[in-house]
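Residue-level listing of the chains:
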Amino acid sequence: MKKKQFVYWISLILGLTLLFAGGSNVARADTSADVDSAIASGVKLTAQKETLDAWDAAILATSDNGITDAQAQNAYNDIVTTNYFLSGEDHGYAGVSNVAGVIGLRALGKDPANINKKDLVGQVINDPLAQRRSRIYILWLTTWKL
């Protein structure tokens, strides 16, 4: 029993020491320049992708350089053809979800409530599996101005 208590106290003291000693190093690494660099790298990698999806559209549309017309068309085509509700075809996990579709279309400046005479926002709101928080979030996104 004494051996277990000894190991417990040693590990507790060692853990707290490492927490306080390592905490200052973590704070120095998280500067705004580091965050900006990581965001710029992510945007650059996203812009180089051959096929863009809804999330890629949102990333590029809100980036400093924006989204080109060709990239916007690429993302729009992907959303419309791989979303089950809009295309009528099940693409499984490779497809664009309804929520991602709304976000991507909104980022592209399109009205997700009227895509090929289909209401993707209404589909999300009426989805029995959607949680209340998601519904409010989608309603907020439909009024979002870039």
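If you're wondering where the values come from, they're calculated on a predicted model, not measured in any experiment.

S.K.: For the layout of surface pockets, give the residues involved together with the corresponding values.
M.R.: Each pocket or cavity is described by its volume, and for the second largest pocket that value is around 180 Å³. If you trace the second largest pocket, you find it lined by D36, I39, A40, V43, I59, S63, D64 and N65. Take the lining of the second largest pocket: its biggest share by element is 4 residues, from helix α2 (residues 32–47). In terms of residue class, the lining of the second largest pocket is made up of 4 nonpolar, 2 polar and 2 charged.

S.K.: Lay out the packing of aromatic side chains in plain terms, naming residues and giving numbers.
M.R.: Enumeration according to the criterion identifies 0 aromatic pairs in this entry. A cation over an aromatic ring shows up here: K110 above the ring of Y76, its NZ or CZ 5.2 Å from the ring centre. Here the guanidinium or amino end of K118 rests over the ring plane of F85, the centre of that ring lying 5.8 Å away.

S.K.: Explain the environment of A57 to me, and be specific about the residues and the numbers.
M.R.: Residue position: A57 is located in helix α3 (residues 54–61). Those residues in contact with A57 that lie beyond four places of it in its chain are I67, A75, G104, A107 and L108.

S.K.: Break down the pattern of salt bridges for me, with residues and values.
M.R.: One pass over the structure, following the stated rule, counts 1 salt bridge. Close ionic contact of K49 with D56 constitutes a salt bridge, the shortest N to O distance being 2.8 Å.

S.K.: Let's hear about α3: which residues, and what values?
M.R.: Within α3, 6 of the 8 residues are buried, which leaves the element mostly enclosed by the surrounding structure. Considered for burial, the residues of α3 that qualify are A54, D56, A57, A58, L60 and A61. Here the buried face of α3 lies against α2, α4 (69–82) and α6 (98–107). Put simply, D53 is the residue that caps the front of α3, since its side-chain oxygen is 3.1 Å from the backbone nitrogen of W55.

S.K.: Go over the nonpolar core with me, naming the residues and quoting the values.
M.R.: If you look at the biggest cluster of nonpolar residues, it comprises 20 residues, and the most contacted ones within it are Y76, I79, L86, L105, L108 and I115. Among the elements of the structure, α3, α4, α6 and α7 (120–125) are those that each provide at least two residues to this core. With 5 residues, the top contributor of residues to this core is α4.

S.K.: Describe the side chain of N83, listing the residues and the values that go with them.
M.R.: Checked against the element boundaries, N83 lands in the loop between α4 and α5 (84–87). Within the structure, N83 has its side chain in polar contact with the backbone nitrogen of F85 (distance 2.9 Å). Among residues more than four places away in sequence, those in contact with N83 are D78, G88, E89, V96, S97, N98 and L120.

Rules and cut-offs
- Residues numbered from 1 in each chain as written.
- Predicted model: local features only at pLDDT ≥ 70, side-chain atom pairs only at ≥ 80, totals over all residues.
- Heavy atoms only, no water.
- 1 Å grid on protein atoms, 1.4 Å probe; cavity = no way out; pocket = protein on both sides within 12 Å on 5 of 7 lines; lining within 4 Å.
- Points joined across faces, edges and corners; volume = space filled by probe spheres on them.
- Helix = DSSP H or I, 4+ residues; strand = E, 2+ residues; numbered from the N terminus.
- Nonpolar A, V, L, I, M, F, W, Y, C, P; charged D, E, K, R; others polar.
- Phe/Tyr/Trp six-rings, centres within 6.5 Å; stacked < 30°, edge-to-face > 60°.
- Lys NZ or Arg CZ within 6 Å of the ring centre and 35° of its normal.
- Contact = heavy atoms within 4.5 Å.
- Salt bridge = Lys/Arg side-chain N within 4 Å of Asp/Glu carboxyl O.
- Buried < 20%, exposed > 50% of the residue type's maximum accessible area, 1.4 Å probe, protein only.
- Polar contact = N/O pair within 3.5 Å; in protein donor to acceptor, adjacent residues only side chain to side chain.
- Core = buried A, V, L, I, M, F, W, Y, C linked by side-chain atoms within 4.5 Å.

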